[in-house]
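# Residue-level structural notes
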Number of protein chains: 4
Amino acid sequence: MILITKSNNAAQKIANKLDDKNPIKPVFVHDNRVALAGVKSLDENILNEISQDIVEIITNHHQAIVSSRAFHPEDTIIKTKHAIIGGNNFVFMAGPDSIESSAHVLEMGRSVKAAGATILRGGAFKPRTSPYSFQGNGEVGLKAHRAAADVLEMDMVTEILDTKNVDLVDSYTDIFQVGTRNMQNFALLKALGQKRKPVVLKRGMSATIDDLLNAAEYIAAGGNTQIILMERGIRTYDNKYTRNTIDISAIPVLKSLTHYPVIADASHAAGVAKFVAPLALAATAAGAQGLMTEIHDDPEHAFVDGAQALTPSAFAKLADKIKKIHDIV
Amino acid sequence: MILITKSNNAAQKIANKLDDKNPIKPVFVHDNRVALAGVKSLDENILNEISQDIVEIITNHHQAIVSSRAFHPEDTIIKTKHAIIGGNNFVFMAGPDSIESSAHVLEMGRSVKAAGATILRGGAFKPRTSPYSFQGNGEVGLKAHRAAADVLEMDMVTEILDTKNVDLVDSYTDIFQVGTRNMQNFALLKALGQKRKPVVLKRGMSATIDDLLNAAEYIAAGGNTQIILMERGIRTYDNKYTRNTIDISAIPVLKSLTHYPVIADASHAAGVAKFVAPLALAATAAGAQGLMTEIHDDPEHAFVDGAQALTPSAFAKLADKIKKIHDIV
Amino acid sequence: MILITKSNNAAQKIANKLDDKNPIKPVFVHDNRVALAGVKSLDENILNEISQDIVEIITNHHQAIVSSRAFHPEDTIIKTKHAIIGGNNFVFMAGPDSIESSAHVLEMGRSVKAAGATILRGGAFKPRTSPYSFQGNGEVGLKAHRAAADVLEMDMVTEILDTKNVDLVDSYTDIFQVGTRNMQNFALLKALGQKRKPVVLKRGMSATIDDLLNAAEYIAAGGNTQIILMERGIRTYDNKYTRNTIDISAIPVLKSLTHYPVIADASHAAGVAKFVAPLALAATAAGAQGLMTEIHDDPEHAFVDGAQALTPSAFAKLADKIKKIHDIV
Amino acid sequence: MILITKSNNAAQKIANKLDDKNPIKPVFVHDNRVALAGVKSLDENILNEISQDIVEIITNHHQAIVSSRAFHPEDTIIKTKHAIIGGNNFVFMAGPDSIESSAHVLEMGRSVKAAGATILRGGAFKPRTSPYSFQGNGEVGLKAHRAAADVLEMDMVTEILDTKNVDLVDSYTDIFQVGTRNMQNFALLKALGQKRKPVVLKRGMSATIDDLLNAAEYIAAGGNTQIILMERGIRTYDNKYTRNTIDISAIPVLKSLTHYPVIADASHAAGVAKFVAPLALAATAAGAQGLMTEIHDDPEHAFVDGAQALTPSAFAKLADKIKKIHDIV
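Cut-offs applied
Residue positions are given per chain, counting from 1 as you read along its sequence in written order. Following the order in which they are written, the chains are lettered starting with A and the ligands numbered starting with 1. Restriction of local features to residues with pLDDT of at least 70 applies here, the model being predicted, together with a cutoff of 80 or more for giving and counting side-chain atom pairs; totals for whole chains, interfaces and linings are based on all residues. Only hydrogens and water are set aside when side-chain values are computed; all heavy atoms of the structure are taken into account. Put simply, DSSP H or I for four residues or longer makes a helix, DSSP E for two residues or longer makes a strand, and each gets a number counted from the N terminus. Only the C-alpha atoms count toward the radius of gyration. The rule for a globule is 2.2 Å times the residue count to the power 0.38. Between buried and exposed lies partly exposed: a residue is buried under 20% and exposed over 50% of the maximum accessible area for its type, with that area taken using a 1.4 Å probe on protein chains only. Residue contacts are counted whenever heavy atoms from the two residues lie within 4.5 Å of one another. Each accessible area is a Shrake-Rupley estimate made with a 1.4 Å probe; only the visible protein chains count as cover when residues are assessed. His is not counted here, nor are the chain ends, while Lys and Arg score as positive and Asp and Glu score as negative. Lys charges are placed at NZ, Arg charges at CZ, Asp charges at CG and Glu charges at CD. Only residues with pLDDT of at least 70 in both copies contribute their C-alpha atoms to the least-squares superposition of the copies. Summed over both partners, the accessible area lost on bringing two parts together, with a 1.4 Å probe, is the buried area. Basic side-chain nitrogens of Lys or Arg form a salt bridge, by our definition, when they fall within 4 Å of a carboxyl oxygen of Asp or Glu. Under this definition, polar contacts are N or O atom pairs within 3.5 Å; protein pairs additionally need one hydrogen-donor-capable and one acceptor-capable atom, and for neighbouring residues in sequence, both atoms have to be side-chain atoms. Pairs of strands are assigned from DSSP output, requiring at least two bridges between the strands. By convention, a crossover is right-handed whenever its connection, traced from the first strand over the helix to the second and viewed with the strands pointing away, goes clockwise. Simply put, an axis is a line fit to the C-alpha atoms, just over the touching stretch for a helix, and the angle between two N-to-C directions goes from 0 to 180 degrees. Two rings from Phe, Tyr or Trp (for Trp, the six-membered ring) form a pair when their centres sit within 6.5 Å of each other. Planes less than 30 degrees apart are called stacked, planes more than 60 degrees apart edge-to-face, and all others tilted.

A few words on the overall build of chain A. Within chain A, the regular secondary structure consists of 11 helices and 14 strands. A compact globule built from 329 residues would reach a C-alpha radius of gyration of about 20 Å, and chain A, at 21 Å, matches this within 12%. For chain A, with 329 residues in total, the buried portion stands at 65%. Sequence-distant contacts in chain A: of pairs separated by 6 or more residues, those separated by 24 or more amount to 69%. Of the roughly 11,500 Å² that chain A leaves accessible, carbon and sulfur atoms contribute 48%. Put simply, chain A has 35 plus and 36 minus side-chain charges, and the middle of one group is 1 Å from the middle of the other.

Dropping the structure here:
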C-alpha cells in the first residue's frame, strides 16, 4: 500500500507512527509518499488517526514497492564520480570481459574513454559454466582494474559472485555488478542492500520482468536504491545465430514500471561481434539509458568470450551512432 | 550446392545440362550462379564436363538455397506500383487490423498515406484464436480495401488463410500476406509460389530463423522470389506486459543470411499501444527495411486488436522519428 | 454461458427458443445443458421466459465451450470400427512415419497389430520443413494404407494438409490427423468440422493449452465433436538431446478441462528411439488414453524420421509395459 | 580426455605421473579410468611413456568429465544412514515446504515415514521471490528439523542459500539441497564440493541438461561426488495451469549421460496439488530414482506453497502406486 500525503513532513510523521505498529513493517518514505510493503489494508483506527494527512491511497502497485513508479514517480538519477546514470543521460560502460593484465585493461580503458565511456568494466571473478574454464584473476585483477580506472579517471564496475567477497570487492570497486546467474542469489542481494554503492543488476536468463523487479527489491529493502537494471538477452528456443535473444521490449516495460535506470548488454545478447552493433542501436532506440559493451583489441586471443568483443575502433564507430539515436528518441 | 560460373551464359548452359540429369533437380539460376537444391556432391563425369566454366563451388550454404545470400549476394528489391521494398529503402505498410467498412478503410488509408505509408494493410479474413470471434468481412472487405487503395494510389496487402481462396484474394490484392499461424501451412506456401506477386511471410510464433527461411523456400521453389520476411514477436516465458517478445536480433541475422527484405510488425509484438513506438524504433535501428503498423482512429471500438492500434496522429509522429533513425543506421 | 436445465427436453426447448434470437448463436445442446457461445449475460426478458426450467447457470467455463467439461462433464468415447477411444480405454495407433510401399505398410501393420495396436498410422502427405525433402507418396500412399488397414482389420489414420484434399483423404481414411504445423490452420479445422469422422488434433509446437482447446473448438463448432487431442512435445530452450520437450502435465491438465480423449506421441517428442519408451511410459502414467508410435523395421533406411522409429520388437515390449502401467493409474 | 587403463593400479600410477606435469590438471581417477579435465590431446612423449598401460582413449565425453558415464560407467549409489539412493533403489524424500514448528515437522515426518519416506525434507532458509515474503525460520528451523529426523530415524535434507551458512547448515543436516535459483551459484557449489555429504542439486529454471551437468561438476571437481540431480520443472511459454513444465525427458537423458541418481520434484513442477500425483507417476515411469514431495496436513494455512502440498493421506496413496510402477519399469 502506498499513501500519498500532503507533504514530506506528513509522510515522515506517518511513517514514524506506523513503523512502531507491528506488523506494519517495513515502512519506506520517499518525498510525500509512504510505502507499506506487503500491506493490503489498514486497521480502521490507524486510518482514522492519519486520514487528514492523506491525499490518495494506491493499492494496485507492483509487489516490488520501493522499486515502483507509484512510490517514486520520477527517474532515479545515480551520480558517481565520473558518470551520471538515469534520466535523459546516456552512459557507456565498456572494457574487456576479464581483466587480463594491468597494461591491457589500461589500454582498453583508454580506447573506450576516447569513445565516450565513463565507466570501465572488467571481470576479476568470472562465473563460467564449467569449473575447468578460466575463473578470472581474482584480487590481482581487481587491483589492476582499480589502477586503470584511477589513471583514466573513470569509474570501475566489476562482478561479485560470493557473499564472502563483498567486502573485498567493495574495497576496490565503484559499482557492483550482479551477473545473470546470481540474479536470484538472495543472500548476495541482501548483502549488497547493506552497501551504499550502485549495483548493476543483470536480468536472469529466464527471469520475468517481475522477477527482476523483485530481485532489485531485495537490494532496495536493505536501503540501497542505487540500482541499475540491465537487459542482456533471455533464453528462448532459438540460439543458433545469437547466444541469447535480447528482449528489447523489456526496456520500455521496465521504464514504465520502475524509476531505476535501464541499460543493455548487447555483447552477451549477441554472442557474436557482428550482431552487437545492431542490437546496441536497437536498445538505444527502445529507450535504454546506457550500454555495457565488451571490447578487446585481439578478440581471438581474449581470455573469455572473445567472439562477442568489439574492437576499440568498432566500438568508437558504434558509440557515435548511438549518441545520434539517443538524441532522436 | 552452388556453382559460381564464369558468366551468366555459362550458368544458364550448365543449368540446362544439369536439369536434364536426374536426380539433379530442381536447378535454379541467378546471374552467374547455379543452385542445385539438396545436392551434396556431383558425379565426377558431370564435374569434368562443366569444370572449365566453374569458378567456385559453395557447399556450406543454407538449406534454403534460393533464399540464401550465397546464391543471391545482393539485396532483392521488390517494386510494386507504389512502393520500393528492400535495399536501403524503407517502406511503411499501415492500416486498420480488419477492414470494417469502405469509409473507415479509406479514412485510415488517407491518414497513413499522409504520414508516408505507401502500402495499405487490412484484413478481410481474420485468423482468430476462437471460432466465436469476428472472422473478418470476407470478400466485402476485400472490395472495400481494393477501392480505398485505388483511390489513394497505394498498394494493398491482405492476409490469405486458405488455398481455396488464393484466386479470390489474388483478384483483389497487390501483395499477399501469410500470417504467423500459417507460416508452415506448406500447401498455402506452394500455392503462393505459383503466383508472381509479392508475399509478406510472417514468422511463426515459435519458428526458428531456419524454419522461416525454409518456409520462404517453399514459395521460392515455385518460382516466386518476391518475398518479404516479417519479424512479429515470438513466444517466450514472459508475456505479462507485452503480447509477444520481439526478437530484434532476427532482423540483422536474417539480413546476413538472406537477400529478401526484412520488415517488422511492432503492433503484434507489443500488443499494447504504448509499447509499439519503442519497438518500432528499435526494429528500425536494428536494420529493418520496413514496418507494418496497425492504426485505428477509435481503438476502443476496433473490431479486432484495438489495444495495440496506434491513432493516426501517434503513427505520424512515430513515422517521423523512424525516418530519422533509418538515415543514421 | 452454460445453462443446466431440468431435463434433456427442457434443454432442447430452450435451445430452439434461443437459437431464434439474434445475436444468441451458435447454441449447442448436450443432454440437459445448453451452451451459448460468446454470451456473457442474457436479456432479462429472455431469462424470465426460461428461468423455471433452469437449475444452474455457469459462466466461468472455458472459452472453448463445447469442448469444456462444464458443458460435457463425462468423457467422450469415440467408437470406430476397430477401436474404442477415450474413458478408461487405451488405444495404440502405430505404424510407419510415411507410407513407403504397399508391402511395407502391410508388414508394419501386421507387427503392430500383434502387439495390440488397432489403428494403423502412416503419412501420404508429409509436412516437411524443407521443400526439397520427400513430400510423401500422395494418393498412391493413401491407397496402400487403406488396403493394409482393410486386410488387417484395423482403422486407418493419416494426416491432412490442405483444405483442397479433404474429400480425397476422406474417401480413404477412417480418422483424420491434423499435424502440429496446422493446429491453427483454421480453414482446415473448419472443413473437418463439417465431416463426421474422428480427428486427431496434434498440439502446435508452441501452442498453449488454451490454444489447443480453441483449435478443437473450430472443429466442434461445425458439429464434429469426435476429437482426439494429442500432446507431442513443445518447443523449449533445450533440444540438444531430444527433438522436443514432452509436456507431460498437458495430459492431466487437458483431461481436467475437456472431455475429449487425450493421447501422446512419444516418437516426435523424443526424436531418438532410445528415449521413446520412457516418454511413452511416462505419458501413460500421467493418464494418457492412447499412444501414437512410429515404427520401422529398418530405421536407418526409413524415408522419413528413422531416428525416432521403434523396431517392431521394441514396440511390442513397450506395449506390454504400457498395458501394465495403464492398469495401475 | 579419458584414459581406460589395464588396471586400477595402472590408472593410479598414470594419474600420479600426469598430475605432476603442468598444465595437465586436475586429474581424476575412477577404477581403471583416468580423467584429464579440459585436455584435448597429450604430448607425444607423455603418451609414449604411458601407452603400454592404456586400453582406450575416449575424447567424445561430456565436458563435465567426472560426472560422465564415460568416466564412471556404473550407477553411483549413495548410502546415507537411512537410505540407499541410486541404482534400482527408489527413495522418497518428503515433508513440509518450510519448517513451521517442532511439533509440525515431527508430525509430518511421522506420516511420510509411514508411507515409505526415509528422508525428511523441510526448509529453514527459504528463497522467496519477494523480500517481503516469509524467509524461513533459520537456525530454529534447522534444530526442529534435526530433532524430528532423529526421533523418526530418518535423514534430513534442507536447502542452503549462502556460502556463509555452509558450516551452520552442515552442523545439522545429512544432505544439502541447492535450489533452482542457485544452480549456477558457483561459489556455493565450490563450497559444497569441499564437503563429503550428499548434495541434492535442483535444475535451474532454464538450465539446459549441459548446464546442470556442469553445475554438478563444480561440486565434483572439489572431490564430492555424492550428487543427486533433481528435475523440478522448467520455464516455458505456458504456465497457466501448472507452475512449471516438468521436463520428463530430462530423466532418461540424464541417466544416459551421468551416473548420479536422478530424482524429481513433482510438487514445484505442478504447483497445484491435483496435478502432483500424475506428474510423480510419470517421473517414476520415466525412470526417476526418487521423488521429493511437499506435504502438509492443512495446505490452506501452510507458511509457504500450500497450493502444491499433498495431504499425508494423498501422499500415502501416491506412494503406493509409485512403488508398483517402479517395479514395472
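A word on the relation of the copies chain D and chain C. Overlay of chain D on chain C (RMSD 0.0 Å): rotation 180°, translation along the axis 0.0 Å. Both copies are brought into coincidence by an operation consistent with a two-fold rotation axis. Judged by C-alpha distance, Ala282(D) is the residue of chain D that lies nearest the rotation axis, at 2.0 Å. When you check the interface residues of chain D against chain C, 100% turn up at the interface there too, and the contact is symmetric in its surfaces.

With that settled, consider the interface of chain B and chain A. Between chain B and chain A, the residue contacts involve 39 residues of the former and 39 residues of the latter. Note on chain B versus chain A: buried area summed over both sides is about 2,900 Å², and carbon and sulfur give 72% of it. Among the residues of chain B in contact with chain A, Tyr237(B), Tyr241(B) and Ile328(B) are the three that bury the most area, contributing 23% of the side total. On inspection of chain B and its partner chain A, the count reaches 4 salt bridges. Residue Asp238(B) is joined to Arg203(A) by a salt bridge in which the shortest nitrogen-to-oxygen separation is 3.9 Å. Here chain B and chain A share 8 residue pairs in polar contact (both at pLDDT 80 or more) between them. Only helix H7 (209-220), helix H8 (250-257), helix H10 (276-285) and helix H11 (312-328) of chain B provide two or more residues apiece to the side of chain B that touches chain A. Counting residues per element, the side of chain B that touches chain A draws most heavily on H10(B), which supplies 5 residues.

Each of the two copies of the chain can be brought onto the other by a rotation about an axis and a shift along it. Overlay of chain B on chain A (RMSD 0.0 Å): rotation 180°, translation along the axis 0.0 Å. Looking at the interface residues of chain B, 100% of them are also at the interface in chain A, so both copies use one shared face.

Let's shift gears to the environment of Val178(D). All names here are of chain D. Examined against the element boundaries, valine 178 turns out to sit in strand E10 (residues 175-178). A residue is classified by how much of its surface remains accessible, and valine 178, at 0% relative accessible area, is buried. Along the sequence, valine 178 and alanine 114 sit 64 residues apart, while their C-alpha atoms lie 27 Å from each other. Setting aside residues up to four positions removed in sequence, valine 178 forms contacts with Met183, Leu188, Leu189, Leu192, Val199, Val200, Leu201 and Lys202.

Here we come to the pairing of strand E10 (residues 175-178) of chain C. Residue and element names in this part refer to chain C. Along E10, one buried face is formed by Ile175 and Gln177 and the opposite face, lined by Phe176 and Val178, is buried too. Taken together, the 3 bridges between strand E9 (residues 155-159) and E10 define a ladder with parallel strand orientation. Within the sheet, the bridge partner assigned to threonine 158 lies in E10 and is phenylalanine 176. In this sheet, strand E11 (residues 199-202) lies alongside E10 in parallel orientation, the contact comprising 3 bridges. Across the sheet, the residue bridging to valine 178 is leucine 201, located in E11. Of the crossover connections in this fold, the one passing from E10 over helix H6 (residues 186-193) to the parallel E11 is right-handed.

Glancing now at the sheet that holds strand E7 (residues 91-95) of chain C. If you walk around this closed barrel you meet the 8 strands as E7-E8-E9-E10-E11-E12-E13-E14 (chain C), and the pairing is parallel. Neighbouring strand axes in the sheet, compared pairwise and without regard to direction, differ in orientation by 25° on average.

Turning our eyes to something else, we now look at unusual backbone geometry. All names here are of chain C. One non-glycine residue, glutamate 153, lies in the positive phi region at around 55°. Relative to the elements of secondary structure, glutamate 153 occurs in the loop between helix H4 (138-152) and E9. Classification of glutamate 153 by relative accessible area gives exposed; the value is 54%.

This brings us to the interface of chain D and chain C. Contacts between the two partners involve 39 residues from chain D, matched on the other side by 39 residues from chain C. For the pair chain D and chain C, the two sides together bury roughly 2,900 Å², of which 72% comes from carbon and sulfur. Considering only the surface of chain D that becomes buried against chain C, Tyr237(D), Tyr241(D) and Ile328(D) emerge as the three largest contributors, covering 23% of it. Connecting chain D to chain C are 4 salt bridges.

Okay, the packing of aromatic side chains next. The final tally for this structure, using the stated rule, is 20 aromatic pairs over all chains. Aromatic side chains Phe92(B) and Phe315(B) sit 6.0 Å apart centroid to centroid with 90° between the ring planes, which places their arrangement in the edge-to-face category. Here Phe315(B) lies in helix H11 and Phe92(B) lies in strand E7 (residues 91-95), a separation of 223 residues in the sequence. We note that Phe92(B), like Phe315(B), is buried. Taken together through their ring pairs, the aromatic side chains of Phe90(A), Phe92(A) and Phe315(A) make up a single cluster.

All names here are of chain A. Strand order in the open sheet formed by 4 strands is E2-E3-E1-E4, and the pairing between neighbours is antiparallel. Edge positions in the open sheet fall to strand E2 (27-30) and strand E4 (54-58), since each of these has one partner strand only. The sheet shows a mean angle of 20° between the axes of neighbouring strands, taken without regard to direction. Here strand E1 (residues 2-5) pairs with strand E3 (residues 33-36) via 3 bridges, running antiparallel. Bridging from a neighbouring strand, leucine 3 pairs with valine 34 of E3. The sheet contacts of helix H1 (residues 8-20) involve E1, E2, E3 and E4, and relative to E2 the element is tilted by about 175°.

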